[in-house]
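Now for the letters of each chain:
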Amino acid sequence: MHRRRFLGRVGAVSAAVGGSLSVAGCLADEYDVGMLASGYVPEELTVEVGDTVVWENTSSRGHTVTAYQAAIPDAATYFASGGFDTESAAREAWTTDFGGRLDTGDRFTHEFGVAGRHDYVCIPHETGGMYATVFVEE
Ligand SMILES: [Cu+2]
């Protein structure tokens, strides 16, 4: 199964216009996880193996989506905005020149191929408690 999830938004838009609006016309508003000044919304998201999750920075501050390498399944592909292969690379890039930063309106997507709990964090707001979880089910 390889489908994108646009939880809620698609249905809401379709309902509002009676389903007549094309999917392409809705793309600008479709994401699964948004961001506030210091948090992800929602903080917990459950998807199925093969789903692609879309994050969008819906706030006015820069954020990252950076997986905790020790808190995703062993067989899972590492994910981080900026495309880094490891958490240490992502953290180093942030420290160096804000690598991986998502500015307002920027998106990051990741396809989840392995079931299990995936915890991730916003590097600059980690101490403020900006972290969240994607639960992937078979
Ligand atoms: Cu942040």
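Residues numbered from 1 in each chain as written. Predicted model: local features only at pLDDT ≥ 70, side-chain atom pairs only at ≥ 80, totals over all residues.

Caption draft 1: Expanded view of helix H3 (residues 87–97). Residues Glu87, Ala90, Ala93 and Trp94 constitute the buried set of H3. All buried residues of H3 fall inside an arc of 130 degrees around its axis, so they share one side. Facing away from the buried side of H3 by over 90 degrees, the exposed positions are Ser88, Glu92, Thr95 and Thr96. Residues of H3 that are buried make contact with strand S5 (66–67). (Buried ≥ 20, exposed ≤ 12 C-beta atoms within 10 Å, placed from the backbone. Helix = DSSP H or I, 4+ residues; strand = E, 2+ residues; numbered from the N terminus. Arc of directions from axis to C-beta. Contact = placed C-beta atoms within 7 Å.)

Caption draft 2: Structural detail: the sheet that holds strand S8 (residues 131–137). Across the sheet, four strands lie side by side as S3-S8-S7-S5; this open sheet has mixed pairing. Edge positions in the sheet fall to strand S3 (44–48) and S5, since each of these pairs with one other strand and no more. Here strand S7 (residues 116–121) pairs with S8 via six bridges, running antiparallel. Looking across to S8, one finds that Val121 is bridged to Tyr131. (Pairing = 2+ DSSP bridges.)

Caption draft 3: Up close: the confidence of the model for the protein. Mean pLDDT for the protein: 87, with 79% of residues reaching 70 or above. Of the regions scoring below 50 in pLDDT, residues 8–26 engages in nine contacts with residues more than four places distant in sequence or in other chains. (pLDDT = per-residue confidence, 0-100.)

Caption draft 4: Region of interest: unusual backbone geometry. Cis rather than trans, the peptide bond between Val41 and Pro42 has omega equal to 0 degrees. Tracing the backbone through its elements, the reader meets Pro42 in the loop between strand S2 (39–41) and S3. The phi torsion at Phe98 lies on the positive side, around 60 degrees, for a residue other than glycine. The residue Phe98 is located in the loop between H3 and strand S6 (107–111) in this model.

Caption draft 5: Geometry of the pairing of S8. The two faces of S8 differ: Ala132, Val134 and Val136 on one face are buried, but Tyr131, Thr133, Phe135 and Glu137 on the other face are not. For S3 and S8, the ladder comprises five bridges, and the chain directions are parallel. Its bridge partner being in S8, Glu44 is matched across the sheet by Thr133.

Caption draft 6: How the structure looks around the environment of Ala80. Note on placement: Ala80 falls in the loop between S5 and H3. As for Ala80 and Arg101, which are separated by 21 residues in sequence, their C-alpha atoms are 10.0 Å apart. What Ala80 contacts, discounting residues up to four positions off in sequence, is Val65, Thr66, Ala67, Ala90 and Gly100.

Caption draft 7: Seen up close, the environment of Ser81. Relative to the helices and strands, Ser81 is located in the loop between S5 and H3. Judged by C-beta crowding, with 26 C-beta atoms within 10 Å, Ser81 ranks as buried. Along the chain, Ser81 and Thr66 lie 15 residues apart, while their C-alpha atoms are 6.3 Å from each other. Setting aside residues up to four positions removed in sequence, Ser81 forms contacts with Thr64, Val65, Thr66, Gly100, Leu102 and Phe108.

Caption draft 8: How the structure looks around the environment of Trp55. The residue Trp55 is located in strand S4 (residues 52–56) in this model. Taking the number of C-beta atoms within 10 Å as the measure of exposure, Trp55 has 25 and is therefore buried. It is 6.2 Å that separates the C-alpha atoms of Trp55 and Thr109, two residues lying 54 residues apart in sequence. Leaving out residues up to four positions away in the same chain, Trp55 has contacts with Tyr31, Val33, Val65, Arg107 and Phe108.

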